[in-house]
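Listed here are the chains, written in short residue letters.
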Amino acid sequence: MSPARPSGPARLATYFHVHLVSDSTGETLNAMAKAVTARFDGVIPIEHIYSLVRSAKQMERVLQEVESAPGVVLHTLVDRDLREQLEEGCRRLDMPQIGALDPLVGAMSRYLGAALSTRIGAQHALDHDYFNRIAALDFAMAYDDGQGSLDQLEGADVVLCGVSRTSKTPTCIYLAHRGIRAANVPLVPGQEDGERLTKLKNPLVIGLTVSPDRLVQIRRNRIDNLNASQSSNYTDQDAVRDETIKARRAFERRGWPTIDVTRRSVEETAAAITNLLSEHRNHKIGTTW
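All values derive from a computational prediction rather than experimental measurement.

A. Highlighting the UniProt feature "binding site: ADP" (unreviewed entry) in the protein. Those places that UniProt annotates as "binding site: ADP" (unreviewed entry) correspond, in this numbering, to G162, V163, S164, R165, T166, S167, K168 and T169. In the annotated set above, the residues contributing to the lining of the largest cavity are V163 and T166. Topologically, G162 is positioned in strand β5 (residues 158-163). Relative accessible area serves as the criterion here: at 0%, G162 is assigned to the buried category. Relative to the helices and strands, S167 is located in the loop between β5 and α7 (168-176). According to the relative accessible area criterion, S167 is partly exposed, its value standing at 34%.

B. Structural detail: the environment of S164. Among the secondary structure elements, S164 is positioned in the loop between β5 and α7. Under the relative-accessibility criterion, S164 is labelled partly exposed at 23%. The spatial distance from the C-alpha of S164 to the C-alpha of E243 is 9.8 Å, given a sequence separation of 79 residues. Discounting residues that sit within four places of it in the chain, S164 has contacts with L187, L215, R219, Y234 and E243. In terms of polar contacts, S164 uses its side chain to reach the side chain of Y234, at 3.1 Å.

C. Looking closely at the nonpolar core. Membership of the largest hydrophobic core comes to 39 residues, with the highest contact counts inside it found for V158, V159, L197, I206 and I259. Taken together, the elements giving at least two residues each to this core come down to α5 (128-142), β5, α7, β6 (182-187), β7 (204-209), α8 (212-226), α10 (237-254) and α11 (266-281). Those residues in contact with L197 that sit more than four places away from it in its chain are L153, V159, C161, V185, V205 and W256. Core analysis: the second largest hydrophobic core is formed by 14 residues, Y50, L63, V73 and L93 among them.

D. Representation of the pairing of β7 in the model. With six of its six residues buried, β7 lies for the most part within the structure. Side chains of β7 alternate between two faces, with L204, I206 and L208 and V205, G207 and T209 buried alike. Relative to β7, β5 is paired through five bridges, and the arrangement is parallel. Bridged to V158 within β7 is L204. As judged from the three bridges shared by β7 and strand β8 (residues 258-260), these two strands associate in the parallel manner. Its bridge partner being in β8, L208 is matched across the sheet by I259.

E. Looking closely at the sheet that holds β8. With respect to topology, four strands assemble into an open sheet ordered β6-β5-β7-β8, the strand pairing being parallel. Unpaired on one side and paired on the other, β6 and β8 mark the two borders of the sheet. Adjacent strand axes in the sheet meet at a mean angle of 25°, parallel and antiparallel pairs treated alike. In terms of strand pairing, β5 meets β6 through six bridges, oriented parallel. Along β6, the bridge assignment pairs G162 with P186.

Rules used throughout
- Residues numbered from 1 in each chain as written.
- Predicted model: local features only at pLDDT ≥ 70, side-chain atom pairs only at ≥ 80, totals over all residues.
- Heavy atoms only, no water.
- UniProt positions renumbered as here; feature names shortened; annotations may be inferred.
- 1 Å grid on protein atoms, 1.4 Å probe; cavity = no way out; pocket = protein on both sides within 12 Å on 5 of 7 lines; lining within 4 Å.
- Helix = DSSP H or I, 4+ residues; strand = E, 2+ residues; numbered from the N terminus.
- Buried < 20%, exposed > 50% of the residue type's maximum accessible area, 1.4 Å probe, protein only.
- Contact = heavy atoms within 4.5 Å.
- Polar contact = N/O pair within 3.5 Å; in protein donor to acceptor, adjacent residues only side chain to side chain.
- Core = buried A, V, L, I, M, F, W, Y, C linked by side-chain atoms within 4.5 Å.
- Pairing = 2+ DSSP bridges.
- Axes fitted to C-alpha atoms, helices over the stretch in contact; angles between N-to-C directions.

Okay, structure coming up:
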């Protein structure tokens, strides 16, 4: 019996132009556009980014680009005159335009009964939160990969612990951008078992776990990319399995919450850590995520 054939031709990817217009850095708008387009299968945006648009002449150039590459226009413009210029231009060109933050801002304004700020780039002001994020990034770099004494680690909000290649460093960097001071300590067979972290009083210590099969794959890819010689124990299936089992048991014995990062992105791991940290601060710590 011959195998069944597909009922129709494979669907080709759909490309479309999206114009992102901002009077600030455009970071917020770019993130929103990526989040929305990710919800559609087989759809690939061709992004046209216009940052720091703050004059009528700049807006004219934007509209010329929109006319030459028809597509969806998203904006986060604060200035009323620039908004009207863009909206009128899009109506003339018969192009859809969307104020990306308008629904949320409108709902918040109605709930709070507060007037809207017309200050451009207000979300990127050099405020207390901004300097907290910079300090958190400095902290993550200073106390990466087991660096720092116990006294220094006491300054962390969270300390991540796990075997090699469990995404500890990128997760710490991501958390730092959220203003969370994160350090990490690797478990190294015969050298570091994480026992010293049990003496920490202030930070939340979280264990990161991963499946042995996935870990072997990651480590082999790492060695191949570095063109390095392969350590037998570092990528040996049985040795890696023993390493991960010992790590899990150590976390359980110490009562540390754990996160399995096998199929998680850094963003998903960071979100789980943020939830655990919130519970920790409210004295309602969980066990496994």
